[in-house]
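Next come the chains, spelled out residue by residue.
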Amino acid sequence: MCGIIGYVGKREALPIILDGLHRLEYRGYDSAGVAIVGTKGAGPNAEGGRVKTSRAVGKVAMLASSCAGKTLDGTAGIGHTRWATHGKPAEKNTHPHADCTKQFYIVHNGIIENHEELREELKKQKHVFKSETDSEVIAHLLEDAYKETPVLEQAVQSTLRKLRGTYGLAVVSSYEPEKIVTARMGAPIVLGLGEGENFVASDASPLLSHTRTVLYLEDGEMAVVTPTTHTIVTLDNKAVERGTETIEWDADRMQKGGFPHFTLKEIMEGPEVIENTLRGRLITEDGLAKLGGLQSISEKLREAKHIIIVACGTAFHAARVGEYMLEEYAGIPVEVEFASEFRYRKPVLDEHTIVIAVSQSGETADTLEAIREAKRKGATTLGIVNVVGSTIARETDAGIFNHAGPEISVLSTKAYISQLVVLALLTLTLGRERELSLTMGKKIAEALQELPKKIATILKQEKEIKKLAKKYAKYEHMLYLGRKYNFATAYEGALKVKEASYIHAEGCGAGEMKHGFIAMIDKEFPTVAIAPEDSVYDKMLSNIQEIKARSGRVLAIATEGDTRIGKLADDVFYIPKTIEMLSPILAVVPLQLFAYYLTLERKLDPDRPRNLAKSVTVE
Ligand code: F6R
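On a predicted model such as this, the values are computed, not experimentally measured, just so you know.

Parameters at a glance
Residues numbered from 1 in each chain as written. Predicted model: local features only at pLDDT ≥ 70, side-chain atom pairs only at ≥ 80, totals over all residues. Heavy atoms only, no water. Pairing = 2+ DSSP bridges. Helix = DSSP H or I, 4+ residues; strand = E, 2+ residues; numbered from the N terminus. Contact = heavy atoms within 4.5 Å. Axes fitted to C-alpha atoms, helices over the stretch in contact; angles between N-to-C directions. Domains from an automatic or database assignment. Buried area = accessible area lost by both parts, 1.4 Å probe. Salt bridge = Lys/Arg side-chain N within 4 Å of Asp/Glu carboxyl O. Polar contact = N/O pair within 3.5 Å; in protein donor to acceptor, adjacent residues only side chain to side chain. Nonpolar A, V, L, I, M, F, W, Y, C, P; charged D, E, K, R; others polar.

1. Things to note about the sheet that holds strand S1 (residues 3–8)
Next up, step 1: Taken together, the eight strands give an open sheet; going across it, the order is S3-S2-S4-S1-S10-S9-S11-S15, and neighbouring strands pair in antiparallel fashion. With partners counted over all chains shown, the strands left at the sheet margins are strand S3 (51–57) and strand S15 (245–246), one partner each.
Next up, step 2: One ladder, built from two bridges, connects strand S11 (residues 213–216) with S15; its direction is antiparallel. Its bridge partner being in S15, Thr213 is matched across the sheet by Thr246.
Next up, step 3: Taken strand by strand, helix H2 (residues 60–68) contacts strand S2 (31–37), S3 and strand S4 (76–82), and its axis lies near 140° from that of S3.

Rendered as structure tokens:
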């Protein structure tokens, strides 16, 4: 969703901020803007001391060209990519927003819930609003607060006390030009520390080309950043001491590396991703997984009677596969729930419940709140997270990192397969402490190790998938059908297609087909049937026959060497054989590529699906 970058130092701020905004593009946005604090002297009347802005609807490139015609010199500034919540994408709604005197500029991620009442009060005091956003109230409140206490951080502090809702915020002012004040409540803020320069951002991606030394704010904290200092306090002004962290991802991994799109690059990284997720974690001869991040809760895990997995979107589909793995091989009852539902109902939890959050970004608002709710109710929480340092990673009692590397594409692909691998490793760990035999443990461990090679053979057949996409791109609707372990694969395959190609695709548990969905089937409504040779293979063949009997076209995902399915389905894509519980990891890869090529066939950009944001940090 919205992205923030701020710079204060000795270099010209504009190019750094524009570059940062480019690097934040992956989060999804509809407009972008910058505010640069003039260098020559402080105060509204000082020569060059004023804050200058530029804003544009559309891509960061549009903003860059609008900046080209202006003088935006200065060594401090803030920038923002906006994903509209309150007020449509329009220049007037694009951040930064200013107060009436144009001395305070703010960029804001999150939602101010009491913005309407604040706006009404401010209007009564003759404040004039320029935008329809909830965020603008912050700038006007600051204007008033600064009159009372003319110190920027104190004015920010008293403003924040009036807000209800969520914010990741950065503020600059012409009164104090070498300073950015930033604060966090529910929307992440990270400080990047350099030599004689410092940065503020909503995630680490725009910082990596400048510094790897970062520091994350916690909710209810505010930081004051100058070129050479950073201080953190709580909203009630208590000093916070926090050590820095070093980011291991390097900036190169956040580039396309010769691929036309991040989506394709990340799908193609599959074999390497699995190797990284598995590295150092398997003890094959003992049929065990060694997950260091679980040590602190090992006792709780041994005594666990119930697992609830909370997640959203693609991560939710990974959780569904995890449920089947854990119940079959670890024998623990598992429930999977949309985080957005879990947090608002009254789940029954106790100290024997483990609540697992699966989240690539570690910042999804609903998943984070679900975890907080679970903690309040006394459950032990565990995060399966890709982004190190993210809020969910920090707030859960224990965690397993995916090690999938930065996922830039809005479509989650490589993170999904790494989530499935982590869930398989967790199954081994919990299973071997319970009823999973050494023989089966070894079989799972060996099968996991073979996955990278098997994915590589699928990826080599990219051209075949491209041809299939050419055939199917003309359809407006598609059904994705799967059973048991590949029930979730059907939903995930359909989600990928919807997200990027805008073809209406529906996931369906194959057993449910006859309970309604079959009414839709005709020659214009093809089916993608995920039918590897597993314990429900014959049932899938029956489903395919039923579709063919109603003139539906079928593209099947089947196991190499299968001689039956080709006689029924119109098209077949073959994947290597693996054990049933790991088949979703292989089956999803051709579906990811299929969605990618369908999108290209429809002349759309898979890296920039409309209306979507990479990380959903508001509910
Ligand atoms: C789909 C997709 C989303 C995310 C969902 C959860 O391609 O990317 O459905 O999976 O928003 O995000 P995380 O995993 O960051 O919590």
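This is not the end of the story, as more comes after the structure.
2. Re the domain arrangement of the protein chain
When the parts of a complex come together, some accessible area is lost, and that lost area is often used as the size of the interface.
Next up, step 1: Taken domain by domain, the protein chain comprises domain 1 (3–249), domain 2 (258–453) and domain 3 (461–605).
Next up, step 2: Put simply, the middle of domain 1 and the middle of domain 2, counted by C-alpha atoms, are 35 Å apart.
Next up, step 3: With nine residues of domain 1 at the interface, the matching set in domain 2 holds 13 residues.
Next up, step 4: Taking both partners together, domain 1 and domain 2 bury about 970 Å²; carbon and sulfur atoms supply 55% of that area.
Next up, step 5: When the buried area of domain 1 at its contact with domain 2 is split by residue, Tyr26, Tyr216 and Trp249 rank highest and sum to 56% of it.
Next up, step 6: Run the count over domain 1 and domain 2 and you get two salt bridges.
Next up, step 7: Between Glu218 and Arg394 there is a salt bridge whose closest N-O contact spans 3.2 Å.
Next up, step 8: Along the contact surface separating domain 1 from domain 2 lie three residue pairs in polar contact (both at pLDDT 80 or more).
Next up, step 9: Here the side of domain 1 that touches domain 2 is built from residues that sort into five nonpolar, no polar and four charged.

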